[in-house]
Each structure stands twice: as structure tokens, then as C-alpha cells.
Amino acid sequence: MNKIRKIPAIFMRGGTSKGLFINEALLPPAGKVRDEMLLAMMGSPDPSGMQLNGMGCGISSTSKIALISKAKDPNFDVNYLFGQVNLSKPLIDWEGSCGNLASAVGLLAVQENYVKPEKDGSAKVRVWQSNLKHGMCIHVSADTANNLISIPGVPGKSSSIYVEFIDPGHGKSLIPHNKPIHVITLPDGKKIEATLMRSANPTIFVNAKDLGLENKETPIQINFANYEHTFQVICEQGAAIMEVPYTPAVRVAWLSPAKAYQTAEGEMIDQAEIDLISLIATEGRVHHAHTGTGAINLACAAKIPGTVPEQIIQLKDKALPIRIGHPKGIMAVNANVVFDPTTEQWQALSSGFLRTAKILMKGDVYL
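The structure presented is a predicted model; accordingly, all values stated were derived computationally and were not measured.

Q: Looking at this structure, how should I read the packing of aromatic side chains?
A: A full pass over the atoms with the stated rule returns six aromatic pairs. Considering the side-chain rings of Tyr-227 and Phe-231, the 6.0 Å spacing of their centres and the 20 degrees angle between planes classify their relative orientation as stacked. Remark: Phe-231 and Tyr-227 occur in helix α3 (residues 224-242); sequence separation between them is four residues, near one turn of the helix. The class of Phe-231 is buried, set by a relative accessible area of 4%. Among the aromatic residues, ring-to-ring pairing joins Phe-224, Tyr-227, Phe-231 and Trp-254 into one connected group. Stacked on the ring of Trp-94, the Lys or Arg Arg-34 has its end atom at 5.1 Å from the ring centre.

Q: Teacher, can you tell me more about the environment of Ile-10 here?
A: Topologically, Ile-10 is positioned in strand β1 (residues 6-14). Linking Ile-10 and Leu-20, residues ten residues apart in sequence, is a C-alpha distance of 5.9 Å. Not counting residues up to four positions away in its chain, the partners in contact with Ile-10 are Gly-19, Leu-20, Phe-21, Leu-108, Glu-112, Ile-359, Met-361 and Lys-362.

Q: Help me understand the pairing of strand β21 (residues 345-355), please; the structure alone is not making it clear to me.
A: Moving residue by residue along a regular strand, the side chains alternate between the two faces of the sheet. For β21, the tally of buried residues reaches eight of eleven residues, placing the bulk of the element in the interior. The pairing of strand β10 (residues 161-166) with β21 spans six bridges and is antiparallel. The residue bridging Ile-161 from the neighbouring strand is Arg-355, located in β21. With eight bridges joining them, strand β20 (residues 329-340) and β21 adopt antiparallel strand pairing. Within β21, the position partnered with Ala-335 by the bridge is Ser-351. Counted between consecutive antiparallel strands, the loop separating β20 from β21 contains four residues, among which Glu-344 sits at a positive phi close to 55 degrees.

Q: In this structure, what is going on with the nonpolar core? I would like to understand it.
A: Within soluble globular proteins, side chains that are nonpolar tend to cluster in buried spots. Ranked by size, the top nonpolar core spans 59 residues in total, and within it Phe-21, Tyr-80, Val-125 and Ile-138 carry the most contacts. Considering every element that reaches this core, the biggest residue donor is helix α2 (residues 99-111), with eight residues. The residues touching Phe-21, leaving out its near neighbours within four places in the chain, are Ala-9, Ile-10, Met-12, Ala-66, Ile-68, Leu-101, Ala-104, Val-105 and Leu-108. One finds Leu-196, Val-252, Ile-274 and Ala-281 within the second-largest nonpolar core, a separate group that totals 29 residues.

What counts and how
Residues numbered from 1 in each chain as written. Predicted model: local features only at pLDDT ≥ 70, side-chain atom pairs only at ≥ 80, totals over all residues. Heavy atoms only, no water. Phe/Tyr/Trp six-rings, centres within 6.5 Å; stacked < 30°, edge-to-face > 60°. Helix = DSSP H or I, 4+ residues; strand = E, 2+ residues; numbered from the N terminus. Buried < 20%, exposed > 50% of the residue type's maximum accessible area, 1.4 Å probe, protein only. Lys NZ or Arg CZ within 6 Å of the ring centre and 35° of its normal. Contact = heavy atoms within 4.5 Å. Pairing = 2+ DSSP bridges. Core = buried A, V, L, I, M, F, W, Y, C linked by side-chain atoms within 4.5 Å.

Printed below as a string of C-alpha cells:
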């Protein structure tokens, strides 16, 4: 009989994602052994992609790992190391991050006593994002009726959590070579314009019409297999231009001008409520709502003259949040972007959005 091992863990929802949170000190050092343990916990690899033998729920948004540890740097409270677990292959991508899940990091830090809350129950959690090497401030509201909000894609209401990225561009130019537009060649030889953003997870923004999409389609209505190779080609070229590794952390989003549309749940969104519509690909599918890191990049790009998002939105007041229409509703994202005349680079000082989070389960994961 195989020896049974169990690892204490917390299963949490953060924004529109779910993942397994584990104290990093309870695991072996980074490497093959640790990855094999985490894959087994999540039920990967599973040829069916359903992760039936583990904690994963069969889609990329719910196949996530967050390794948490107490920060040694006095400027931060906790370290957040993110792993995207492949459904059907024995792979964990440690190159990217998850902005949605970051809201759960803040809630966990309070619940697990990494941070002492204020008298009213609110807390500011200083997080070091270990994958991308930047700071975050997670502002956890007090759990009172006045602070309850709902976010598109998640039923019910929970206390609001503001996820703030600090210098998500790591002090570098947000756009490679300071160019707001690069040319990408599609598999059929067609050349299209794209904006490449390398803050948070690297994201490539293109006009939906250049892909033959109108953004009337919901993720379910889009046959992902018909576009998967095109998305892969775009991401490969974009990664090379941005000089970053080509991994599943590199995403492509297709944008269209604001217009009235119906969400996946049947709610009508009025044109005046949004600034543009964005759908974004994630591993193996179109995201059911919108990635947090993709939204951060989109808001930052919209503040830079000449980018694909800026051309589509044509903002009159660049101090306002960007209101992104996505398949589940609206996501408002702040972005404080400045041009540094000394380096002649566009940099993001901060960017953020409201989310909610919830502890779903605490216990032992059996191996």
C-alpha cells in the first residue's frame, strides 16, 4: 500500500478564480519533487482535463496554487508565489501571476494572523509578488454590511478588497522599445497592429475586427480551437518582442469599441456604462470574465497615446478609471501612468481594482 501523506491547505476563491493556498514552509524546496506533490494535490495531469483525482476543478481559472510565506523584507508582510497548474500535462507555470487570486492573499493574511487588523477589522496587507518581483497592497475592508459588494461572475456579496499593484512594470518601460504599436503577422500572412504591455503578466492587445471577431460572442460561443493557433502565434511573436519567456502567462486580448451587449448571464450592459469591450484568452479557452493582470495592463495601456486601447477608447479624462466590459459584466480599473522625460519611458506608478474573496475550506490535502 502506498504511504499516505497529507498537507494542510486552504481552498479559497479570489475574484473570479479559485486556488489552493499552502504555507510554503510545509513543502520541499522549489524543484521537481515539490512540483510533483502540487500536481498530485490538484489532480494533474489528467487526460480528460477534469482533474478528478485532486482539488482542481477542470478549468484554468480554478487550477491554481498560491504558496504563502512570511516576508523577510520588513517592507512587506507576506510573499505570494503563484503557480498555474496545467490540466492535462505534468506542468506548473511559475512565470506569471494571478491578480484575482491576490485578493484572497490579503484575506488569508488577516485570517491567518500574518497581519493584525485595525480595530474596525480592516487591514492593509503588504504583499511581495515573488513571481514578477513587484509589491502589492491589498486593502481588506471590515466585514460589515456597508462594505459588501458584488463583482460580475461571482454570485452574492462579500466584503470589498482593493487589489493595488505597486510599480507593476518593475521600473521599466511598460511598452517595449517605447513603441505603442508593433506589427504582428498572423498565420495566414495578414499583418495587424498590436500593443504589447509587460507590466503584470505580459499581455498583447489587438483590435477584435482584425481577428474576425466582433465581441458580440460569449466565450462559450467562440470555438477556441478555431483560434488557438492564431493566439499562439501572436503570443510567440509578442513574447519575442517583449524579450520575455513564451509561457502560458503571455496572454492575448481582443478589444472593440463600447457598445450595448448582453452578458453571459443575460444582463444588458449599456454603451454608456463602459469604455470598451475586452475578451482575453487564457490557457485552453477564452476567459469566462477577465484576468486581473490583463485588466491592469489594459488600464495602463489606455493611458498611453497611440496604443490600441487608447485609440479605441479616446479618453477625455485620463484620471478616471477604465471601465472594461467583459463577458460577465463591468470591471473598473485605476491606473496611474506617467511619462518619465529623463528616460523617455512610460511607467506605471500603481494600478488596481476592487475584488472580493472567500475562504471555502480549511483542512488536509491527501497524497
